[in-house]
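One-letter residues, chain by chain:
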Amino acid sequence: MAIPILKNWKRYFTNTDEGLGSSYERVILNNKLEQICKHFNISTVLEAPSFGFTGLSGINSVNLAKDGKQLTLLDNDESRITLIKKIWDDLDLQLKIEFSKQFQSLPFAGNSFDLSWNFSALWFVEDLSEFLKELSRVTSKAILLSVPNRSGMGYISQKILGFKELKKHLKEDNILPKNIKREMKKNGWMLIDSNYIDCPPWPDIGMPKDKFLKIFGLGWIMKKREHIPMTIMDHYSGKDADFPNKMMDHFWFERRAPKLMKAFWAHHKYFLFIPTKQVKN
């Protein structure tokens, strides 16, 4: 759940080291988005909200832009928008990014995008019903919504440790699958795929491993281990072409683990919707 990101997100713009967890997450997410874009022949993409619970903000859709898709992002923090623009400019990628305070009214015409999506961001939306209604209005082919796995051990442990901040800063009802499915059905969208995703062979601790181990009196385990910086930005900038393959070395667990195990271990769950009328046609 990574509640600390609410306070320390700016630091990733000066030090893009995201660690192994977020690095793996980036590659797995890229692969899923690539599959969807290929299947639905996607050209235009909206990521809204663009801020989720992962390291460097605003780069979830970079891989799609490098693949030639037209990207638009929506964020509710003007200072973050400025920083995101610089990251994309440095990568020499085209990006349109807009400001929206509460995401209840999206500044786009109907069917502006083939695909709309977000990652661990729905609980920043003020009104889930209004937002999903708007997201449905501006999207023509598919909507992908990814939320934290609430039944996962990592989520449960972090919720206990950060209960007060969760209640103060986030709308947990927005990430309940039953609420998402109900609103999307009401808007005329059909769920065609749902599964656990981001299920590496380590727990969803949402904080540096040394800090997590200290909570349980096991800080000594990390004392002699040298920290190796890790960031997908090295891949996007052309410095590390093999980065995705190195992350996929850890995919064995996600590929082989039974669904019952993933229910308690996976970090996220996704829901893929298409318009009901598209099914009828």
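Computed from a predicted structure; not experimentally measured.

The rules we used
Residues numbered from 1 in each chain as written. Predicted model: local features only at pLDDT ≥ 70, side-chain atom pairs only at ≥ 80, totals over all residues. Heavy atoms only, no water. Helix = DSSP H or I, 4+ residues; strand = E, 2+ residues; numbered from the N terminus. Buried < 20%, exposed > 50% of the residue type's maximum accessible area, 1.4 Å probe, protein only. Contact = heavy atoms within 4.5 Å. Areas by Shrake-Rupley, 256 points an atom, 1.4 Å probe, with all protein chains shown as cover. Expected span 1.5 Å × (residues − 1). Arc of directions from axis to C-beta. Pairing = 2+ DSSP bridges. Axes fitted to C-alpha atoms, helices over the stretch in contact; angles between N-to-C directions. Core = buried A, V, L, I, M, F, W, Y, C linked by side-chain atoms within 4.5 Å. Patch = residues over 30% accessible without salt bridge, like charges linked within 9 Å, V, L, I, M, F, W, Y side chains within 5 Å. Salt bridge = Lys/Arg side-chain N within 4 Å of Asp/Glu carboxyl O. Polar contact = N/O pair within 3.5 Å; in protein donor to acceptor, adjacent residues only side chain to side chain.

S.K.: Outline the overall build of the chain, listing residues and values.
M.R.: For the chain, the count of helices and strands is 14 helices and seven strands. Relative to its 281 residues, the chain shows a buried fraction of 51%. Put simply, 83% of the contacts in the chain that link residues at least 6 apart link residues at least 24 apart. A total of about 14,100 Å² of accessible surface is found on the chain, and carbon and sulfur atoms cover 52% of it.

S.K.: Any details on helix H4 (residues 78–90)? Residues and values, ideally.
M.R.: Relative to the 18 Å expected for 13 residues at 1.5 Å per residue, H4 spans 19 Å between its end C-alpha atoms, a close match to the ideal helical length. Taken together, the buried positions of H4 are occupied by Arg80, Ile81, Ile84, Ile87 and Trp88. Buried positions in H4, seen along its axis, are confined to an arc of 120° and lie on one side of it. For H4, exposure combined with an orientation more than 90 degrees from the buried face picks out Glu78, Thr82, Lys86, Asp89 and Asp90. At its buried positions, H4 is contacted by helix H3 (62–66), strand S2 (70–75), strand S3 (96–99) and helix H10 (233–236).

S.K.: Describe in detail the side chain of Glu172, supporting the description with residues and values.
M.R.: Locating Glu172 in the fold gives a position in the loop between helix H7 (163–169) and helix H8 (177–186). Taking relative accessible area as the criterion, Glu172 reaches 12% and is therefore assigned buried. For Glu172, the residues in contact, after removing those within four places along its chain, are Arg150, Tyr155, Lys159 and Leu166.

S.K.: Can you lay out the sheet that holds strand S4 (residues 113–119) for me, pointing to particular residues and giving the numbers?
M.R.: Read from one edge to the other, the open sheet built from seven strands follows the order S3-S2-S1-S4-S5-S7-S6, with strand pairing classed as mixed. Edge strands, defined here as strands with exactly one partner in the open sheet, are S3 and strand S6 (189–197). Along the sheet, successive strands turn relative to each other by an average axial angle of 20°, direction set aside. Strand direction decides the pairing type here: strand S1 (residues 44–47) and S2, joined by four bridges, are parallel. Residue pairing for S2: Glu47 is matched across the bridge by Leu73. Sheet strands touched by helix H5 (residues 128–137): S1, S4, strand S5 (139–148) and S6. Its angle to S5, the strand with the most contacts, is close to 145°.

S.K.: Any chance you could break down the nonpolar core for me, citing the residues and the numbers?
M.R.: In this structure, Leu122 and Leu145 are the most contacted members of the largest nonpolar core, which totals 74 residues. Excluding residues within four positions of it along the chain, Leu145 makes contact with Asn118, Leu122, Leu132, Leu135, Ile180, Met184, Lys269, Tyr270, Phe271 and Phe273.

S.K.: Break down a nonpolar patch on the surface for me, citing the residues and quoting the values.
M.R.: A cluster of nonpolar residues, Met153, Leu260 and Phe264, forms a patch on the protein surface that exposes about 350 Å² of accessible area. Within the secondary structure, Met153 sits in helix H6 (residues 153–161). Since its relative accessible area comes to 49%, Met153 is described here as partly exposed.

S.K.: Give a detailed account of the environment of Thr14, specifying residues and quantitative values.
M.R.: Note on placement: Thr14 falls in the loop between helix H1 (5–8) and helix H2 (19–40). Between the alpha carbons of Thr14 and Leu56 there is a distance of 9.6 Å; along the sequence they are 42 residues apart. Here the side chain of Thr14 touches Arg11 through a polar contact of 3.0 Å, landing on its backbone oxygen.

S.K.: Quick one: what's the story with unusual backbone geometry, residue by residue and with numbers?
M.R.: Here the bond from Ala48 into Pro49 is cis, since omega is -15°, no more than 30 degrees from zero. With respect to the element layout, Pro49 can be found in the loop between S1 and H3. Positive phi is not limited to glycine here, since Asn41 has a value of about 55°. Looking at the element boundaries, Asn41 is found in the loop between H2 and S1.

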